[in-house]
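The residues making up each chain are set out below.
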Amino acid sequence: MAATLRVLPGFVRNCPCPGLWGSPAYRSASSMALPEQAWQLFEGAVNAVMPGPMLRRALALDTETGQLKVRDRNFQLHHNLYLAGFGKAVLGMAAVAEEMLSEHLIQGVISVPKGIRAAMEHAGMQEMLLKPHSRIQVFEGAKDNLPDGDALQAALAIRHLAEGLTADDLLLVLISGGGSALLPAPIPPVTLEEKQILTKMLAARGATIQELNTIRKALSQLKGGGLAGAAYPAQVVSLILSDIVGDPVDMIASGPTVASDHNVQDCLHILSRYGLRGVLPRSVKTVLARADSDPRGPPGCGHVLNVVIGSNSLALAEAQRRAEALGYRTLVLSTVVQGEVGRVARFYGLLAQAAGVRLSSQAAEARKEEDELRGLVEELQLSDLRLEEALEAVEGAKGPVCLLAGGEPTVRLQGSGRGGRNQELALRVGVEMSESAGSAGETLFLSGGTDGQDGPTEAAGAWVTPRLASEAAAEGLDVAAFLANNDSNTFFRRLQGGAHLLCTGLTGTNVMDVHLLLLRPC
C-alpha cells in the first residue's frame, strides 16, 4: 500500500533513523526511540483500516453472471446500480467500489470532507481518488467536522438520487465516521443553523456521541432510516466503517439506513438532562411534536442489508502485531474506552504507574493505585477490560510492554481554545504521569484519531512522557491554564516546536481513536 502518513518532524529530529511508512524492517524495541516506535504502531493501525482492502473483502462480483455477493446475500446486477456515500473514508471507498462495479454503475453521489481530494493528491494516494470521467459526483463540505451549506447541498442531492429509484434498482451506500456532519438535511421548518447550534450546545455540555445522534436523527430527513425510506422500493446495501464504540449501526453517521428505535420522549429526556429543553427554538418543538403524533412511526428498513466492514478492533490488532514484532509483550485492553476525558486520563495515568511498578517486580508498592484503577474500570464501564489479567501479564513480561486500547472520550468544553479529545487526553495523561512517582525505565502515552483530524485542528493527536511537566515549565508554559481553556492544540504547538503532535493530514479512514501506552524498563 502506498504511504499515507507523513513522518513527524519531532520524530525526525529526535531519532537518528526515523521509521518509514510500510517499511518491512523493524529494529528491536531496545534500539529505537520510544516516539519512533509509537509512530510506527499508530501508522500500522491506520493502514489496517484503509478503505480499499476492506471494500475488496466485503464485495465479490461474478463478472460472468453479474451476481454481487455481500456476506451471505446475492444481488443481481444489470446496469441497475446506484451509489451514495458520506463520511471521512468514503472517497477511497467509492474509488474502489467504482473500480470493481463500474460496468453496472449508473450514477453516484458522495459527500466527503472539505479538502480531502487535495490532501490525497498531495500525499500521492491515487488509489483513494476517483478516476477521470467517473460516474460519481463528489461534494466537499463540513469543514472542521461541522455541517455547512455545502454538506446540505450534498445531502439533498443524495436524497434526490434515492427518491428516483425503482424496485429493480440496487443502492450501494458507503458510510463511515464523520458521515453525520456530511449528511445534514433538517426537517423543515428547522434550519441547518438551528440544528447546528443545538448540537454544539449539547456537545459543549458533555453529551455523548450516542445522545448527539439521537437528537440528530429526530430532526433529520435522512438519518434514522430516512435514506432507506427515500430509496424504497429499491434494495439497499450499506457498507459501514464504524467509528463508534460497540459498532452500533443505528448510531454510525446517525443510522441513515437503520430504523430508529428512539422516540420523542428519548429526545426530551436528553434535552432535559443538559438543561436545554426550555430554550428550544419553536421549529424544533414543532418537528418533535409532529413526530410524536405521526401514526406511521419511523420508516421500516426490511429492504436493507447493513454490513460493518471495518472497526477499531482491526486497527488495534495490527498495532498489536507490529508491537510484538518489535519485541513488546502486547495486550489489547479495550475497544470501548469512553467517558469524561479527565477520568479517562486518570485511568491511563494510574495504569502507567501501576504497570511500571509491576514491570519492576514491586507489585506491593502499587496496591493503592491498583485499587483506584479497579474503581475506574467500573466507573468507565470498560466491560471488556480484564485488569487483573493485564497487570499479571505486565508483571511477567520481563521486558518492554505495550498496552493498547480504542474508543472516544468526551470533552466538556469550558474554554475557547483549540484542541480535540486526543490532544486533551494526551495532555491530561502527561500531567498524571508527571505527578506520579513513576518507576525506573521509559514510559510514553499516545492518543491519535485514525481520521487524522482531532477536532477542528490539523493534528491527529499527541504523545507525552512523564517529563511533560518539566518540559513545559522550562518553556514557561502553564499546563493548567491551557487545560482550563481547552487549548491543548496551542499547548502542543508551542511545546518543543510541535514535536509532540501527530500531524498526519487527513488519512481517508476513520475508526475512532487509538490509545497506546509503551513501557520500557532500563
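Residues numbered from 1 in each chain as written. Predicted model: local features only at pLDDT ≥ 70, side-chain atom pairs only at ≥ 80, totals over all residues. Heavy atoms only, no water.

> Could you clarify how one ought to interpret helix α8 (residues 209-218) in this entry?
Buried residues dominate α8, accounting for seven of its 10 residues. Burial in α8 covers these residues: Glu211, Leu212, Asn213, Thr214, Ile215, Arg216 and Lys217. Buried-residue contacts for α8 involve α7 (192-204) and α10 (264-273). (Buried < 20%, exposed > 50% of the residue type's maximum accessible area, 1.4 Å probe, protein only. Helix = DSSP H or I, 4+ residues; strand = E, 2+ residues; numbered from the N terminus. Contact = heavy atoms within 4.5 Å.)

> Looking at this structure, I do not really get the packing of aromatic side chains. What am I missing?
Given two aromatic rings, one states the distance between the centres and the angle between the planes to describe the pair. Considering all chains together, one arrives at five aromatic pairs under this definition. Aromatic side chains Phe347 and Tyr348 sit 5.2 Å apart centroid to centroid with 65° between the ring planes, which places their arrangement in the edge-to-face category. Side by side, Phe347 and Tyr348 carry an identical accessibility label, which is buried. Ring centres 5.5 Å apart and planes at 70° place the aromatic pair Phe482 and Phe491 in the edge-to-face group. Within the aromatic cluster, the residues linked to one another by ring pairs are Phe347, Tyr348 and Phe445. (Phe/Tyr/Trp six-rings, centres within 6.5 Å; stacked < 30°, edge-to-face > 60°.)

> Is there a simple way to explain the sheet that holds strand β3 (residues 73-76) in this structure?
As a general point, the strands of a sheet are linked pairwise by backbone hydrogen bonds and lie either parallel or antiparallel. Strand order in the open sheet formed by three strands is β1-β2-β3, with antiparallel pairing between adjacent strands. With one partner strand each, in any of the chains shown, β1 (59-62) and β3 form the two edges of the open sheet. This sheet shows a mean twist of 25° between the axes of neighbouring strands, independent of strand direction. Across four bridges, strand β2 (residues 67-70) lies against β3 in antiparallel orientation. Residue pairing for β3: Val70 is matched across the bridge by Arg73. Lying over the sheet, helix α3 (residues 51-58) contacts β1 and β2, oriented at roughly 55° with respect to β1. (Pairing = 2+ DSSP bridges. Axes fitted to C-alpha atoms, helices over the stretch in contact; angles between N-to-C directions.)

> Just checking my understanding: could you explain the pattern of salt bridges for this structure?
A pair can form between side chains of opposite charge whenever their charged atoms are brought close. In the structure shown here, the tally under the stated rule is 23 salt bridges. When the shortest N-O distance is used, the salt bridge between Arg428 and Glu424 registers 3.1 Å. With Arg428 and Glu424 both in helix α16 (residues 421-435), this residue pair falls four residues apart, about one helical turn. Linking Arg467 and Glu471 is a salt bridge whose minimum nitrogen-to-oxygen distance equals 3.6 Å. One network of salt bridges, in which partners are shared, links Arg358, Glu370, Asp371, Arg374, Glu388 and Glu395. (Salt bridge = Lys/Arg side-chain N within 4 Å of Asp/Glu carboxyl O.)

> Explain helix α11 (residues 282-292) to me, please; I cannot follow it from the model alone.
Note on helix geometry: an α-helix contains 3.6 residues per turn, so any two residues three or four positions apart are oriented the same way. Along α11, the residues that are buried comprise Ser283, Val284, Val287 and Leu288. The buried residues of α11 all sit within an arc of 130° when viewed along its axis, so they share a single face. For α11, the exposed residues lying more than 90 degrees away from the buried face are Arg282 and Asp292. Contacts from the buried residues of α11 go to α7, α8 and α10. (Arc of directions from axis to C-beta.)

> I'm lost on the pairing of β1 in this one. Help?
In regular strands, side chains alternate between the two faces of the sheet. Judged from the four bridges that link them, β1 and β2 form a sheet pairing that is antiparallel. Bridged to Asp62 within β2 is Gln67. The hairpin formed by β1 and β2 contains four residues between the paired strands, and Gly66 there has a positive phi angle of roughly 75°.

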